[in-house]
Amino acid sequence: MQRRILGLALAVVTVAAVAGCGSSDSGSSAASPAGDGKTTQVTVGVIPIVDVAPLYLGQKQGFFSSRGIELKMVTAQGGAAIIPGVVSGQFQFGFSNTTSLMLAQTKGVPVKSVVNGAASNGKVGADVTAVMVKKDSSIKSAKDLAGHTVAVNTLQNIGDTTVRESVRKAGGDPADVKFVEIPFDQMPAALDGGRVDAAWMGEPAQTIAKAQGARAVASPFAETHPKLTVATYFTSTKIAQENPDLVKKFNEAMAESLKYASEHPDEARQILTTYTKISGDVLTKLTLPSWPAQVDTASLEKLAGLGEQDGIFGGKKPDIGALFS
């Protein structure tokens, strides 16, 4: 998930300039079709989080190499680096949460989602993200968040949008929630130290917070939509148009990887140790997302509507069909 939405907005200007100068040629040539039996190196911009486990697992299982794709993963802090990197040709594909992709599209950034990445598991009280509070907090439900300070990793993005929806559904006033920006890995300490009243945490932060005695009062993803498509893998419209065979092979390999991860959760957990510092009890106890092969269009429409309501897209409406079809 993206940590700096302002950085993404600023990067849009750079992306537009780079695309106008045609400097994405290097990306398209590096990703030439492998129809002649040769191996093609494909660079993917990723965030080192639980959600991308299927990509690493698929690489290990040979789902990409069997299609002539040699994967190279490059980690980044968030979409502020990944989205411009894909459009400029630094990466052929990237991973991003869906709200950030919608925001990029409404700003004219030429991106195209190609395959699903991660989704809510639909379990209220046991989803991949949760709003956590201290054990002795007076906050008992999402409704009680009104009038309190809630930490999110990025302001005006998928976090605060879905938290507002949880508050709204619980009968509270989302306008009375004050959001502050804190990186996920700093949230357990911020909550335990009383810097915030509550924190919307992904994994492994929420598992760490639970070990410190914190409890969950809301599951914003699952409460927004039980099949909420949280993130997808995407490419530039240039690569999508000029190299459809590569996009097709990546889509097929990733879909197989998502299916394998869903059917082998223990292996998905274990692969985390190869690209994150997650280990021990946290590795065993953390909550996994759902990894369906297809995006859920209804959930994306819901998310886009909430983003419009929050004013994230500057008055423009994301074209869900064009971006995610």
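This text goes with the structure placed above it.
Residues numbered from 1 in each chain as written. Predicted model: local features only at pLDDT ≥ 70, side-chain atom pairs only at ≥ 80, totals over all residues. Heavy atoms only, no water.

Caption draft 1: Layout of the sheet that holds strand β9 (residues 215-218). Spatial strand order, β7-β6-β8-β5-β9: five strands in an open sheet with mixed pairing. The sheet is open, and its two edges are formed by β7 (178-181) and β9, each paired on a single side. Direction aside, neighbouring strands of the sheet carry axes that sit 35 degrees apart on average. Where strand β6 (residues 149-152) meets strand β8 (residues 198-201), two bridges bridge the pair, whose relative direction is parallel. In the strand pairing of β8, A151 is matched with A199. Each of β5 (130-133), β6, β7, β8 and β9 is contacted by helix α6 (residues 158-169), which is oriented at about 120 degrees to β8, the strand it contacts most. (Pairing = 2+ DSSP bridges. Helix = DSSP H or I, 4+ residues; strand = E, 2+ residues; numbered from the N terminus. Axes fitted to C-alpha atoms, helices over the stretch in contact; angles between N-to-C directions. Contact = heavy atoms within 4.5 Å.)

Caption draft 2: Local environment of helix α4 (residues 79-88). Most of α4 sits inside the fold, with seven of its ten residues counted as buried. Restricting attention to buried positions, one finds in α4 the residues G79, I82, I83, P84, G85, V86 and V87. Directly after α4, the chain includes G89, whose backbone phi takes a positive value near 100 degrees. (Buried < 20%, exposed > 50% of the residue type's maximum accessible area, 1.4 Å probe, protein only.)

Caption draft 3: Region of the structure containing the sheet that holds strand β4 (residues 111-119). Pairing in this open sheet of five strands is mixed, and the strands run β2-β1-β3-β10-β4 from one edge to the other. The sheet is open, and its two edges are formed by β2 (69-75) and β4, each paired on a single side. Direction aside, neighbouring strands of the sheet carry axes that sit 25 degrees apart on average. Inspection of the sheet shows strand β1 (residues 40-46) paired to strand β3 (residues 93-97) by two bridges, in the parallel sense. Pairing of V44 across the sheet is with F93, part of β3.

Caption draft 4: Highlighting the pairing of β8. Neither face of β8 is left uncovered, since the one carrying A198 and W200 and the one carrying A199 and M201 both have all their residues buried. With three bridges joining them, β5 and β8 adopt antiparallel strand pairing. Residue pairing for β8: M132 is matched across the bridge by A199.

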